[in-house]
Amino acid sequence: MRSRRAALTVLVLALALAPFPLEAQAPHADWRTLDTPRFRVHYPAAWEGWARHAASRLEQVRDRVEAEVGWTIEEKVDVLVMDPFAVANGSAWPMLGWPRIVLWTNPPPPESVIGANRDWIEILTVHETAHLAHLLRPSRDPVRRFLASAVPLGPIASAPRWVTEGYATVIEGDLTGTGRPNSDFRAAVLRQWAREGRLPTYGQLAGDRTNWMGMSMAYLVGSAYLEWLREREGPDSLPSLWARMTARSHRSFDAAFHGVFGDSPADLYRRFTAEVTARAIGLEQLLAPSLREGDLWQDLSWSTEAPDVSPDGSSLVTVIRARDEPSRVVVFDTDPDTDAEKRYTERIGRMLERDPDDVAPVRRTPLPRKPLFERVTRDGAEPFTPRWMPDGESILFVRFEPDPDGYFHPDLFLWELESDTVTRLTRLADLRDPDPSPNGRTAVAVRNRHGFSELVEVDLNTGAVESIGAPSVAEIWSSPRWSPDGSHLAYVRHERGSWRLFVREGARGGEREVPLEEGAVVAQPSWGEDSTTLYAAVGRAGFIEIHRFDPSTGAVRQITRSLGASFAPAPVPDGSGLYYLSIDAEGLDLRHLALDEPLPPMPPLLPVEIDPAAYFPLVRPLPDSSIAELEPVELGRSRPYGLGRAETRLHTAGRWMPSNRSLEAGLRAGDLIGRWNALAMASFGEEEGGSLAAVWRGWPVWLRTQLFRGEQQLSDQPGCEAGVFACETDALDLEREGVELAMSWRRLGRTLRFEADGGVVLQRIDGASGEASQRIAFVAIEPALRRRFGKLGLGLTLDGRGELGETEGERWSRTRLGLGGELAWSDTSLAVALERGTGEDLAAPFDRFALGGIVGSIFPRAALSTRIEAPSLPAGTAIGDEHEGQKASFAFGGPLRWFYERHRLWSGLGPRGEWIELAGLEASADLDPVPLVRVPGLELRVGVARILSAPLEGDTTWWISTAWRP
């Protein structure tokens, strides 16, 4: 006993005193707030430059958006600035009365679907503010306005996703003159999908995960459809639609739409796709005589990374992604696969020899190539931008890795081909777009960190990063590439409202701009056979094609013409050819264009001048130069975030099952970023009482406390039967009141998650045998390992808990150890769990393990740590000093799991108890708090089970249980 207490004491002290690292985006970071008349902008201190840049323009954005949408946002808007996944994104939360916007600071590259912009912050804030101005319009029906106090969303929020995202995209284009509606990318996608007859159906328009880019169609096609409707019915048609959706008369979206446009949205969408397809076919016929698309080198599907050719030209590396398969870094031989062609020819020959009247199949695509080397993605660690090292024997690439708080950062990795080993070169360095120097010792890369973008040089031996110039919010860097001899560096930089191509002498020499046509968007530069030829993808008029540049003279020449889009050029070092990516509705393909002989001049784009209206939306609209740029306004000083603003919301919970029907109601209070949360709950029914719980996450170690008082009369549970311990005695009819004081800590990795918890519970227990005071000290740890090898997933979880307690001067101890494992194939999984509990010197019945029931909101788990949760059984079905449990569950995908479990309890040295077995179906969730929408942590369990053994053999039970945690 003494040694066990000493070990527990050491664990508690270690938990309290360990030197935990700080991470910038967690609630314990140094958050600050900037105030404007109608916004509160919250951000970690390191993001001050980006947040100030955005905040200085938000008031103008709001004025323009409200004028365009025709609705004034009444509330002050809270804005969160962060960068959790190191990608470009944002979101709007149109909660009536308390709207929010979340802005992710990482900028998009020029080749991105949102890369065409004059200012990333501008299109991001316009798009998200448009969501608020659109969706915050309340119903004019008093009853619906009253109901919105429980579900604070306006009627327009019920519209299909293509409407909400498509309309914000329309506003994004109208107010900036750039964005997706004015991009070459949207025009190329719609043109290619239409000519293939693959535009999404109306049912797919809101979202389709089965087809490539299916989830982007709400933005790309949805915005084009809304523009078409507006052109067809007039500029007031969309405001009329929103007015009908918010009328006193309740209408569905389809009914409101029909009243404005005279037909259903599905029928008019069919007309829209018919017109767009007809225009695409006409455009295809005009372009056909001048096409220069090279040869299809590999017919792929889904996404493919930009290729890169090895220094000797013998190999090509890229990343191939698939819908249902893990991503792969692959190295292909660039020579023709003569063996594969020979085998194919022989197979066709044998077929015709067996049946001379048979007909050989038409083959329009090349045979699939077998990789020379292949690296399959594990654990979801997606690879990006692979680049050959100068030795031709290893490949530099990027992978996004989590920090201890679970936020992702791109880092550099090296894959050595012959040994098939991967080495991490940097740690949480926020690097992307690397390109190794010809000496192989360093690489140039882009660092996007805290909203700033800069060009850096990386020592590949030490991982040290050195800035090349100053980081900037206004300037965004992309795709730096060394010339073959190391004398020049090419890169793309966004400045003064557009993407521009530059060439620099060495890494730090003088730079010169390579001139482009007005309005063109340039991306992905790559050097040719020497340091005088440069290739890049250039978008103009809705077409994205490969161009060749002579940086010394400024001469430029288009060398591809495609029906879809051509980009990501990868020249062969000897100048004989060029590999690049092309787009179709299945995904990205690899193509090859021979450059052995001089290419003939490229004829004009079309025999006649392009009329954007005639080919809408298949070409880029003419730029609107009349749209004024946003002018920054002066802001005051930021202030410490501190405790933030206290926000409250009512919540209900409870348990509905044959043995326990309790209703809980309470009030949650907390701040926006989750630095603190408080939860007051009251319970009525079979479980009566109340509690006040609070948690502080303003430090790396979270502090938690809960005051509680409650009563459980287990002997009066409905449906009690003989053999249920709690129903045959009043030993577990208890009143509890007390306090929990605890601390917790967790660290999140890609494959390993670790949680630790420790504290004390002081409580008074009043039962049939009188009152008893109790003290409990506890420590719990839960490491969990998750690995993924393609479709195969493996999981292992360890749950250990130790307690030292004293009840009325009598000391005791309890330990619980759980071990779980999971085997998954795709979305089908089998999980098993084993649990063992042991107690020493447990004199009182309420100190022993008790099987059945579930812990609600008003008691901390540490106060009811004896509870072996099994919602299908009455609480206290059996008790004992020892417990053993086993469970197996099976899921076919989705939240429901079939399960079988059994438990037995016994005391002292006597025989082990009989197994209590049950089987059923359950869905469960254990969700962290979401302070952004004022929701505390939620535990949810819904299920049904058949009890297979005494004392309740043959009973079928069900349960619905919700519990809130701060």
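Residues numbered from 1 in each chain as written. Predicted model: local features only at pLDDT ≥ 70, side-chain atom pairs only at ≥ 80, totals over all residues. Heavy atoms only, no water.

### Looking at the overall build of the chain
Piece 1. The helix and strand tally for the chain stands at 13 helices and 49 strands.
Piece 2. Taken over the C-alpha trace, the chain has a radius of gyration of 32 Å; the compact-globule value for 966 residues is 30 Å, and the two agree within 12%.
Piece 3. If you line up the chain on its principal axes, its C-alpha atoms span 100 × 70 × 65 Å.
Piece 4. Expressed as a percentage of its 966 residues, the buried residues of the chain come to 55%. (Helix = DSSP H or I, 4+ residues; strand = E, 2+ residues; numbered from the N terminus. Rg over C-alpha atoms; globule rule 2.2 N^0.38 Å. Buried < 20%, exposed > 50% of the residue type's maximum accessible area, 1.4 Å probe, protein only.)

### Re helix H3 (residues 120–135)
Piece 1. Counted at 1.5 Å a residue, the expected span for H3 with its 16 residues is 22 Å, and the 23 Å between its end C-alpha atoms agrees.
Piece 2. Residue Asp-119 occupies the N-cap position of H3, its side-chain oxygen lying 2.9 Å from the main-chain nitrogen of Ile-121. (Expected span 1.5 Å × (residues − 1). Polar contact = N/O pair within 3.5 Å; in protein donor to acceptor, adjacent residues only side chain to side chain.)

### Considering a negative patch on the surface
Piece 1. Where like charges cluster on the molecular surface, the negative patch consists of Asp-391, Glu-393, Glu-416 and Glu-418.
Piece 2. When you line up the elements, Glu-418 lands in the loop between strand E13 (408–416) and strand E14 (421–424). (Patch = residues over 30% accessible without salt bridge, like charges linked within 9 Å, V, L, I, M, F, W, Y side chains within 5 Å. Areas by Shrake-Rupley, 256 points an atom, 1.4 Å probe, with all protein chains shown as cover. Salt bridge = Lys/Arg side-chain N within 4 Å of Asp/Glu carboxyl O. Lys, Arg positive; Asp, Glu negative; His and termini not counted. Charge placed at Lys NZ, Arg CZ, Asp CG, Glu CD.)

### Here's the deal with the pairing of strand E37 (residues 752–767)
Piece 1. Looking at chain direction, strand E36 (residues 733–748) and E37 are connected through 14 bridges and run antiparallel. What sits directly across from Arg-736, in E37, is Ile-765.
Piece 2. Count of turn residues in the E36/E37 antiparallel hairpin: 3 residues.
Piece 3. As paired strands, E37 and strand E38 (residues 770–789) are joined by 16 bridges and run antiparallel to one another. Following the sheet pairing, Gly-758 is matched in E38 by Val-779.
Piece 4. In sequence, E37 turns back onto E38 through a hairpin of 2 residues. (Pairing = 2+ DSSP bridges.)

### Focus on the state of the cysteines
Piece 1. In the structure shown here, the tally under the stated rule is 1 disulfide.
Piece 2. The residue that forms a disulfide with Cys-720 is Cys-727, at a sulfur-sulfur distance of 1.8 Å. The disulfide joining Cys-720 to Cys-727 has a torsion of about -55° about its S-S bond and is therefore left-handed.
Piece 3. Using a relative accessible area of 18% as the deciding quantity, one classes Cys-727 as buried. (Disulfide = S-S within 2.5 Å.)

### Structural notes on empty space enclosed by the protein
A probe as big as a water molecule, rolled over the atoms, marks out the empty space that is left.
Piece 1. Under the counting rule described, the total for this entry stands at 6 cavities of 30 Å³ or more.
Piece 2. Estimated volume of the largest cavity: approximately 120 Å³.
Piece 3. Around the largest cavity sit 13 residues that line it, and Leu-714, Leu-732, Arg-736, Ala-850 and Arg-867 are the ones nearest its centre.
Piece 4. Partitioned by chemical class, the residues of the lining of the largest cavity number 7 nonpolar, 3 polar and 3 charged. (1 Å grid on protein atoms, 1.4 Å probe; cavity = no way out; pocket = protein on both sides within 12 Å on 5 of 7 lines; lining within 4 Å. Points joined across faces, edges and corners; volume = space filled by probe spheres on them. Nonpolar A, V, L, I, M, F, W, Y, C, P; charged D, E, K, R; others polar.)

### A look at the nonpolar core
Where a protein is soluble and globular, its nonpolar side chains tend to be buried together.
Piece 1. Counting residues in hydrophobic clusters, the biggest one holds 129 residues, and the most contacted among them are Val-41 and Tyr-225.
Piece 2. For Val-41, the contacting residues outside a window of four places in its chain are Arg-32, Thr-33, Leu-34, Ala-51, Ala-55, Leu-58, Val-79 and Val-81. (Core = buried A, V, L, I, M, F, W, Y, C linked by side-chain atoms within 4.5 Å. Contact = heavy atoms within 4.5 Å.)

### Brief notes about the side chain of Glu-495
Piece 1. If you trace the backbone, Glu-495 turns up in strand E20 (residues 488–495).
Piece 2. With near-sequence residues (within four places) excluded, Glu-495 lies in contact with Glu-475, Arg-500 and Phe-502.

### Section: the pattern of salt bridges
Piece 1. Under the criterion given, the structure shown has 76 salt bridges.
Piece 2. Two residues, Arg-387 and Asp-308, come together in a salt bridge whose shortest N-O distance is 3.2 Å. Taken together, the positions of Arg-387 in strand E11 (residues 383–388) and Asp-308 in strand E7 (residues 308–309) put the pair 79 residues apart, joining distant regions of the chain.
Piece 3. For Arg-387, a relative accessible area of 12% translates into the label buried.
Piece 4. Classification of Asp-308 as buried rests on a relative accessible area of 10%.
Piece 5. We note a salt bridge from Arg-897 to Glu-822, for which the minimum N-O separation is 3.8 Å. Linking Arg-897 in strand E46 (residues 896–906) with Glu-822 in strand E40 (residues 810–825), this pair joins segments that are 75 residues apart in sequence.
Piece 6. Among the residues examined, Glu-822 registers a relative accessible area of 27% and is labelled partly exposed.
Piece 7. Counted as one network, the salt bridges with shared partners bring together Glu-475, Arg-493, Glu-495, Arg-496, Arg-500, Arg-504, Glu-511 and Glu-513.

### Topic: the confidence of the model for the chain
Piece 1. Mean pLDDT over the chain: 92, with 97% of residues reaching 70 or higher.
Piece 2. The low-confidence segment residues 1–23, where pLDDT is below 50, has 38 contacts with residues more than four positions distant or belonging to other chains. (pLDDT = per-residue confidence, 0-100.)

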